[in-house]
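Residues per chain, in single letters:
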Amino acid sequence: MLEMKNVTKTFGDFKALDNLTMTVPQGAVYGLVGPNGAGKSTAIRHLTGIYRPDSGSITLEGLPIYENPQTKQTIGYIPDDIFYFPSATMEEMRRFYKGLYPQFDDALFERLYEAFDLPRKTPIRRFSKGMQKQAAFHLVLSCRPEVLILDEPVDGLDPVMRRQVMGLILSDVAEHGTTVLISSHNLRELEDICDHVGIMDHGKMLLERSLADMQGSTVKVQIVGEIPDGLEVLHETASGRLKTLVVRGSAEEVTRKIEAENPAYFDVLPLSLEEIFIYELGGVNYEVKNIIL
Amino acid sequence: MKSRISSCKAAAFRKDITRFWPVWVGYILCLIIVQVLQSNDDLNYWYAANMGEGIAIMGVVNLCYGFIVAMMLFGDLFNTRMCNGIHSLPLKREHWFGAHVKAALLFSLVPTALMALFSEAVIVLYSDMVAGWTVPLYWFIASNLQFLFFFGLAVFCAMCAGNRFGMAVVYGILNFCSILIYLLVDQLYTPLLKGVVTMSGPFEMLCPVWQMVNKRCIDFDRVETGKTFVHNGIEQREYIGQITVVKEGWIYIGIVAVIGLLLLLLARQIYKKRNLECAGDFLAVRWLNAPFQVVFTVLCAAGFQGVFMVFFGYGDRAVYVLPVIGLIVGWFGGRMLLERSTQVFRVKNFVGFGLITALLAGSLYLTWLDPMGIETWIPKVGETKSATLRMNYRNGYTTEVPAEIADLTRLHQLALEQDLEPHPDYSDAYYSPYSNDPDCAQIILQYTDYNGWLSQRNYYILATGESGDLMRKYTSRLDVLFPDENVEDAADLRHTLRDAEVVRVNGIHNISEECMTEEFLIALADAIAADAEAGNLVQSGVFHQEPILEMENPEYNQYYLTLDMHGEDFWSNISIYADCENILKVLEPTGVLESARQEYANIYG
């Protein structure tokens, strides 16, 4: 389990992380979402042992990450700004990573050439931005990390390559049980692959839940008739006699309550992740639209 | 798990070596090419001699190379992408540091070792210098100790700075601030205290590259073997080169190398605590901002004032205008660097600028008030180990005898009482033995106390009365006139002049060979000794107001003559005046005075 507890970090007078607590369960695909400037990259730099927190703790399986090479050897990190030595080629970076990560998988590295089709002996700095991103995936996946931390990973990739990269990540999760943390400022990007989501803003965690919990705890209902008492309605619209409600509670529980009132018509509809966040956070004065649009 | 970490460290070290190979390979080639080019085609003596003397030059080379190596290896800290990328990898900061330091030492050790081996082969094959084989060894050790210091200092600067420019500025400040402060004190504060001179020694001590360039580690000499050989039909004496190890130079290099090592350890500690988010900032350590701002401002003031005055000489008014310009540039330039913005002209910063300007003005006013009595200070005889009286930098008298020190402090007191203003034509009056001012001469008094502390005062003093008598007593002496020949009395001078091959007046009027007899030289030695004893050989025209040669044009009516004497082992030159009766009496029969008179008549008559 990857965990941040009450982490605070200040840059000069600016509080980048404010008592942030975050838990990434083992084997989860965790989406860290937030608008630009929410503190996602800062949080990730703490999780990868780059920054030292002013207060709080950051651990992986109970062991500290900061200045702990043994723990860091199990973490693969792809930053938003790709790291490579200025004149290095893929082969030189392979040799370097091989020295740093004892579990480096040469066979996988060779296989990934088929997926990414990157030149072996051209300096990485000559690659396009998208190719540099691919090179980062190529190298980091070959390190066989137990935890993969990706900061805005598909920025700069074309749709085909996005799909391919996400596919690789998911197959890695499926085959090796890798824990994945992906940050993005776009919720739609994460909807299909994440099973846990955390929403950050102003250095704080607004909401952190598993997708199953969220989807099971909020339902959208269309009803013709009286709204039964005891329903926790988060949002209500009406079109003629047809009312559309977003209600907190499981589908079974909500159905039971509505059926008890015997309405003229009712139906339970699926909610998208987007809608859940809008209605969950709707009462809070956050710019939720920033992470959805 | 330990072996895993070792392999990580090895990977980082290998990367350092391979990533920057062009630099250290280029360094090897430069060393060898420069050394071969300056050998003057003389592989017997000059190759080794130049290599030994090159230790001083290596001080400058290592000043640059140490900085370049540190910037290459630790430059990743200044770039956010590289800094974050590297520190996300599974290595502790101390491991990165260790790998970089090991690589840096190899960057110096390998090129210098190859250079030393190459030179060793050349010296063994072509040179018969005594113990010549040790020269490359000394060169190798000295170069690497110098490198250790400059690299340690540069790494320390890298840890204090957040970007490359910041590192360069901090490195420059730490290397040269003492010289800039000396310029500031010498040209801004010292002139407010009459007669007081700022001694450059303590400031030079704090400038390592200055010391390395000026302190020798090995001395070279050619000594006679006692054998002769025939070259182009002429029998010549055979010489052989030999080296002497100068302990003082090695002690200095050893001390700075230890300081370099300590700086490296300090830098390692700073690195462990470094906040990596500072990458790109000017300084990495926040609390250094305020001291940096003050130091940078003061040094800019010193730089503007000192450097412009030294190189361009803008006149007296510029002395106080340039520091103010320097303060403005320093204060607001410093803010711009720290804030990485040109938007620094805010009220808060103007208040700061006002404070530092007031501080400078206040310190100048306080210096002028002289509450510590520096201007009127006269050393106590009992606290003074030695005292020196000079009229110029060649001829001076140094004494440790209390009675004589008392005489010199009395001269000091007379100078303060006379309170003469400097002659407007300062430099002429100072360097020439003939002063344009008929009344006063400039003197230099130096005192060394029992702690080795040296102080100096420069005054103008009357050449007449008690001060004139004291001057004649201590500057018209044979050991002052012949400082390089160990001449104490007439007998010593006879012994020295016995070997004279040439005696001439005013550089061109030689005493003829017929006149250059042993009797003539003895008579000349005795005459010089007698005039010195009489106090007539003070090497300044203000003590000798009568013209030696009467000219028709009264405007050019005061002349002195120079008497050059040289033999195989000595070369000396003194000025003679109209009151040097004994010398003139000996020279008159030889006809050289008449020749000189004719020459003056042709030029000025």
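Please read all numbers here as calculations on a predicted model, not as lab measurements.

K.L.:
Would you explain the overall build of chain A in this entry?
P.N.:
When helices and strands are tallied, chain A shows eleven helices and 14 strands. The principal-axis extent of the C-alpha atoms belonging to chain A is close to 70 × 45 × 30 Å. Split into buried and exposed, the 293 residues of chain A put 54% on the buried side. Taking the intrachain contacts of chain A between residues at least 6 apart in sequence as the baseline, contacts between residues at least 24 apart amount to 66%. For chain A, the exposed surface amounts to about 12700 Å²; the carbon and sulfur share of it is 48%. Here chain A contributes 30 positive and 42 negative side-chain charges, whose respective centroids are spaced 6 Å apart.

K.L.:
When you look at the domain arrangement of chain A in this model, what are you seeing that I'm missing?
P.N.:
Put simply, an interface is often sized by how much accessible area is lost when its parts join up. One can read the domain layout of chain A as domain 1 (2-202) and domain 2 (213-292). On a C-alpha basis, the centres of domain 1 of chain A and domain 2 of chain A stand 36 Å from each other.

K.L.:
So what exactly am I meant to see when it comes to unusual backbone geometry here?
P.N.:
Glycine aside, a negative phi is what most residues show, and trans is what most peptide bonds show. Residues and elements named next belong to chain A. Here Asn19, not a glycine, exhibits a phi torsion of approximately 55°, which is positive. One can find Asn19 in strand β2 (residues 14-24). By relative accessible area, which is 44% here, Asn19 ends up partly exposed. Positioned with a positive phi, Glu152 is a non-glycine residue whose angle comes to about 45°. Locating Glu152 in the fold gives a position in the loop between β7 (147-151) and α6 (159-176).

K.L.:
It is not clear to me how the pairing of strand β11 (residues 571-576) of chain B should be interpreted in this structure. Could you clarify?
P.N.:
A regular strand carries its side chains on alternate faces of the sheet. Residue and element names in this part refer to chain B. Here strand β10 (residues 561-567) runs beside β11; their pairing, made up of six bridges, is antiparallel. Residue pairing in the sheet places Thr562 in a bridge with Ser575 of β11. From the end of β10 to the start of β11, which pair antiparallel, there are three residues.

K.L.:
For this particular structure, what's the right way to read the environment of Thr198 of chain B?
P.N.:
All names here are of chain B. Topologically, Thr198 is positioned in the loop between β1 (196-197) and α8 (201-205). Linking Thr198 and Gly162, residues 36 residues apart in sequence, is a C-alpha distance of 36 Å. If we ignore the near neighbours within four places in the chain, the residues touching Thr198 are Tyr182, Val185, Asp186, Thr190 and Phe203.

K.L.:
Looking at this structure, I do not really get the sheet that holds strand β8 (residues 179-184) of chain A. What am I missing?
P.N.:
Consider a sheet: its strands pair through backbone hydrogen bonds, and that pairing is either parallel or antiparallel. Residue and element names in this part refer to chain A. The six strands lie next to each other as β6-β7-β8-β3-β9-β10, forming an open sheet whose pairing is mixed. One side of each edge strand has no neighbouring strand; the edge strands of this open sheet are β6 (75-78) and β10 (204-210). Strand-to-strand, the axes of this sheet are offset by a mean angle of 15°, without reference to chain direction. The pairing of strand β3 (residues 29-33) with β8 spans five bridges and is classified as parallel. Note that in β8 the partner of Val29 across the bridge is Val180.

K.L.:
So what exactly am I meant to see when it comes to the sheet that holds strand β8 (residues 500-505) of chain B here?
P.N.:
All names here are of chain B. Across the sheet, four strands lie side by side as β9-β8-β10-β11; this open sheet has antiparallel pairing. Of all the strands in the sheet, just β9 (509-510) and β11 have a single pairing partner and so form its edges. Looking at chain direction, β8 and β10 are connected through five bridges and run antiparallel. Within the sheet, the bridge partner assigned to Val505 lies in β10 and is Leu563.

K.L.:
Is there a simple way to explain the interface of chain B and chain A in this structure?
P.N.:
Residue-level contacts link 31 residues of chain B with 30 residues of chain A. Both sides of the chain B and chain A interface together cover about 2800 Å² of buried area, and 60% of this is carbon and sulfur. Taken as a group, Lys15, Arg81 and Pro90 of chain B account for 23% of the area that chain B buries against chain A, more than any other trio of residues on that side. Summed over the shared surface of chain B and chain A, the number is one salt bridge. For the salt bridge of Glu277 of chain B with Lys9 of chain A, the shortest nitrogen-to-oxygen distance reads 2.9 Å. Inspection of the chain B/chain A interface yields nine residue pairs in polar contact (both at pLDDT 80 or more). The set of elements that each furnish at least two residues to the side of chain B that touches chain A consists of α1 (2-19), α4 (80-87), α5 (93-126) and α10 (247-273) of chain B. Here the side of chain B that touches chain A is composed, by residue class, of twelve nonpolar, seven polar and twelve charged.

K.L.:
Please clarify how a nonpolar patch on the surface should be interpreted in this entry.
P.N.:
A cluster of nonpolar side chains, Val124, Trp133, Leu137 and Ile141 of chain B, forms an exposed patch at the surface whose accessible area comes to about 390 Å². Looking at where Trp133 of chain B falls in the secondary structure, it is placed in the loop between α5 and α6 (134-160).

K.L.:
In this structure, what is going on with the packing of aromatic side chains? I would like to understand it.
P.N.:
Geometry of an aromatic ring pair is reported as the spacing of the ring centres plus the angle between the planes. Following the criterion strictly, the structure yields 28 aromatic pairs over all chains and no others. On the basis of an interplanar angle of 40° and a centroid distance of 5.5 Å, the ring pair of Phe332 of chain B and Phe353 of chain B is categorised as tilted. One end of the pair, Phe332 of chain B, is in helix α12 (residues 318-339); the other, Phe353 of chain B, is in helix α13 (residues 347-369), with 21 residues separating them in the sequence. Neither Phe332 of chain B nor Phe353 of chain B differs from the other in exposure class; each is buried. In this arrangement the basic side chain of Arg81 of chain B is found over the ring face of Tyr84 of chain A, its NZ or CZ atom lying 4.7 Å from the centre. In this structure, Lys215 of chain B is placed above the aromatic ring of Tyr252 of chain B, and the distance from its NZ or CZ to the ring centre is 5.3 Å.

Reading the values: rules and limits
Per chain, residues are indexed from 1 in the order of the written sequence. Whichever chain is written first is A, and whichever ligand is written first is 1; the rest continue in order. Local features in this predicted model are restricted to residues of pLDDT 70 or higher, and side-chain atom pairs are both shown and tallied only at a pLDDT of 80 or more, whereas totals for entire chains, interfaces and linings draw on every residue. Heavy atoms throughout the structure, all of them, feed into the side-chain values; hydrogens and water do not. What counts as a helix is a DSSP run of H or I of at least four residues, what counts as a strand is a run of E of at least two, and both are numbered from the N terminus. Only protein chains enter the calculation, and the probe is 1.4 Å; a residue is then buried if its accessible area is under 20% of its type maximum, exposed if over 50%, and partly exposed in between. When checking whether two residues touch, look at their non-hydrogen atoms; a contact exists if any pair is within 4.5 Å. Computed with the Shrake-Rupley method and a 1.4 Å probe, the accessible areas treat only the protein chains shown as cover for residues. When charges are counted, Lys and Arg are positive and Asp and Glu negative, with His and the chain ends excluded. Positions of charges follow a simple convention, taking NZ of Lys, CZ of Arg, CG of Asp or CD of Glu. Delimitation of the domains relies on an automatic or database domain assignment. Any two strands with at least two DSSP bridges between them are considered paired. For helices, the fitted line uses only the C-alpha atoms of the stretch in contact; every axis is such a line through C-alpha atoms, and the angle between N-to-C directions lies from 0 to 180 degrees. Here the buried area means the combined drop in accessible surface, using a 1.4 Å probe, for two parts upon being joined, counting both sides. When a carboxyl oxygen of Asp or Glu lies within 4 Å of a side-chain nitrogen of Lys or Arg, that pair is called a salt bridge. Within 3.5 Å is the distance limit for a polar contact, defined as a pair of N or O atoms, with the added protein rule that one can donate a hydrogen and the other accept it, and that residues adjacent in sequence qualify only through two side-chain atoms. Under the scheme applied here, ten amino acids are nonpolar (Ala, Val, Leu, Ile, Met, Phe, Trp, Tyr, Cys and Pro), four are charged (Asp, Glu, Lys and Arg), and all others, including Gly, are polar. The patch calculation keeps residues exceeding 30% relative accessible area without a salt bridge and links them within 9 Å when they carry like charges or within 5 Å when they are nonpolar (Val, Leu, Ile, Met, Phe, Trp, Tyr). Side-chain rings of Phe, Tyr and Trp, where Trp is taken by its six-membered ring, are said to pair if the distance between their centres is within 6.5 Å; with planes under 30 degrees apart they count as stacked, over 60 as edge-to-face, and otherwise as tilted. Geometrically, a lysine NZ or arginine CZ counts as sitting over a ring once it is within 6 Å of the ring centre and also within 35 degrees of the ring normal.

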